[in-house]
Amino acid sequence: MTDYVIRGARVLGGEPTDIALSGGVIEAIGAGLDAGGATEVDARGLIALPGLVDLHTHLREPGREDAETVLTGSQAAARGGFTCVHAMANTDPVADTAGVVEQVWRLGRESGYCDVQPVGAVTVGLGGTQLAELGAMADSAATVRVFSDDGKCVWDPVLMRRALEYVKAFGGVIAQHAQEPRLTENAQMNEGVLSGELGLPGWPAVAEESIIARDVLLAAHVGSRLHVCHLSTRGSVEIVRWAKSKGWDVTAEVTPHHLLLTDDLVRSYDPIYKVNPPLRTADDVQAVREGLADGTIDVVATDHAPHPMEDKECEWSAAAFGMIGLETALSVVQQTMVDTGLLSWEQVVDRMSAAPAKISGAGGGHGRPLAVGEPAHLVLYDADATRVVAPDDTASLSRNTPYSGRELPGRVVATFLRGVPTVLDGTLQEVNG
Ligand SMILES: [Zn+2]
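Note that the structure is a prediction, hence the values are computed from the model and not measured.

Asker: When you look at the overall build of the chain in this model, what are you seeing that I'm missing?
Answerer: Regarding its fold elements, the chain presents 12 helices and 19 strands. Taking 2.2 N^0.38 as the reference for a compact globule, 433 residues should give roughly 22 Å; the C-alpha atoms of the chain span a radius of gyration of 21 Å, in line with that estimate. Along the longest, intermediate and shortest principal axes, the C-alpha atoms of the chain span 65 × 45 × 45 Å. Per-residue burial for the chain yields a buried fraction of 61% across its 433 residues. Across the chain, every contact between residues at least 6 apart in sequence was considered, and the portion connecting residues at least 24 apart equals 74%. Summed over all atoms, the accessible surface of the chain reaches about 15800 Å², with 49% contributed by carbon and sulfur. Side-chain charges of the chain comprise 33 positive and 58 negative groups, with the mean position of each set lying 4 Å from the other.

Below, the structure written as structure tokens:
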């Protein structure tokens, strides 16, 4: 019995066709499919893509349920076209034990809006001094494969080496937040002429690049896998390009905001633009776009970082770092990469679905192509639409979007998780988690 027949969708932007979904899988693809008793979805003019996978999401639960919960973050993800997100470990308590990662994993299953794959901490309490129970988290029901102290850098080279060695046993990967702590003490924005002019302490590119250089060498030395979180500078792209040319097992991600926004916005002193790593120069933006286009950067990851109003609407130096981004990611990628001719839709699917799923080893059939017999994780996207971003138009509990009032292309019309619509006509649906 067919559940849904999607009419006239353009798979990866190709010719219009129908897609039939049944029992959580794609049953048939072709023109003029028989509806039988199935629900029909009019997708004429819409592009069909596989469900997106985010390798870098902050869901804030447990501990900061005033900023986000697994449920609200999952709903924001669904509205952004995501069917799987990776929840970062910097919660309270920190996700550094099997107990906490299993809690987050269960909350994701109960929410039912997208699959939530927990990321485990590398060090106990993100303290940077003692390796966390990586093996126990890997063996837990959450089957953790990605480990990160994100928000903090695993600075100690001996600890970083041990972590890289440890995860080899079960095919894990260390995702590094590359930030040399001594070079960034009290740092507030990108270090350059502008930080001097504005009188804000600088966060120099070398603080990111020196850690990435060290880590690619360490990963090569021990023959392990390194993933570089949210790289943001031209030098970082060049180092990763060099590491890949050596054949080393290194992958990297860039955020939508680093593909679009520059440090000039900090002139406003509006903390909505305060983020870590900071917004960089127009030349860096050009370099990360080129790196994403040529495959040096494997993945677009949102670094969705919700914060309540009081942590962002204050003076610059006191404000929290971070921006929300799940519901705008695909639009920003369309504007910066597709509408500029740098990426095809097929390549967008690689950077936002296939590659992140492959890096994390996420189960659940994520990152698979739209083909008969594959799990029915898919997005229907109207690339011809435009919208002006309104902060209140979000499923997130937080409103800290840097795109408020900005016109962005595209709109997610529908998202299906295992053949069940989490979003239809741009509206969240009731689901049974
Ligand atoms: Zn980070």
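So much for the structure itself; the text now carries on.
Asker: Would you mind showing me how to read the sheet that holds strand E8 (residues 115-118) here?
Answerer: Hydrogen bonding along the main chain pairs the strands of a sheet, whether they run parallel or antiparallel. With respect to topology, three strands assemble into an open sheet ordered E6-E7-E8, the strand pairing being parallel. Every other strand in the sheet has two partners, leaving strand E6 (52-57) and E8 as the edge strands with one partner each. Taken pair by pair, the neighbouring strands of this sheet meet at an average axis angle of 20°, ignoring direction. Relative to E8, helix H2 (residues 98-111) is tilted by about 170°, and along the sheet it contacts strand E7 (82-87) and E8.

Asker: So what exactly am I meant to see when it comes to the pairing of strand E17 (residues 407-417) here?
Answerer: Within a regular strand, the side chains alternate between the two sheet faces. Most of E17 sits inside the fold, with nine of its 11 residues counted as buried. Note: strand E16 (residues 378-388) against E17, eight bridges, orientation antiparallel. The residue of E17 that forms the bridge with Val 379 is Thr 415. Where E17 and strand E18 (residues 420-424) come together, three bridges link them in antiparallel fashion. Bridge pairing in E18 links Leu 417 to Val 420. Once E17 ends, the chain turns through two residues before running back antiparallel as E18, passing Arg 418 with a positive phi of about 50°.

Asker: I tried to follow the packing of aromatic side chains on my own but got confused; where do I start?
Answerer: What characterises a pair of aromatic rings is the spacing of the ring centres plus the angle enclosed by the ring planes. Going through the model one piece at a time under the given rule, you end up with five aromatic pairs. Between the aromatic rings of Trp 345 and Tyr 381, the centroid separation amounts to 5.6 Å while the plane-to-plane angle is 65°, which identifies the pairing as edge-to-face. Residue Trp 345 is found in helix H12 (residues 345-360), and its partner Tyr 381 is found in strand E16; the two are separated by 36 residues along the sequence. Each member of the pair, Trp 345 as well as Tyr 381, carries the same accessibility label: buried. Taken together, the aromatic side chains of Phe 147, Tyr 166 and Phe 170 make up a single cluster linked through ring pairs.

Rules used throughout
- Residues numbered from 1 in each chain as written.
- Predicted model: local features only at pLDDT ≥ 70, side-chain atom pairs only at ≥ 80, totals over all residues.
- Heavy atoms only, no water.
- Helix = DSSP H or I, 4+ residues; strand = E, 2+ residues; numbered from the N terminus.
- Rg over C-alpha atoms; globule rule 2.2 N^0.38 Å.
- Buried < 20%, exposed > 50% of the residue type's maximum accessible area, 1.4 Å probe, protein only.
- Contact = heavy atoms within 4.5 Å.
- Areas by Shrake-Rupley, 256 points an atom, 1.4 Å probe, with all protein chains shown as cover.
- Lys, Arg positive; Asp, Glu negative; His and termini not counted.
- Charge placed at Lys NZ, Arg CZ, Asp CG, Glu CD.
- Pairing = 2+ DSSP bridges.
- Axes fitted to C-alpha atoms, helices over the stretch in contact; angles between N-to-C directions.
- Phe/Tyr/Trp six-rings, centres within 6.5 Å; stacked < 30°, edge-to-face > 60°.

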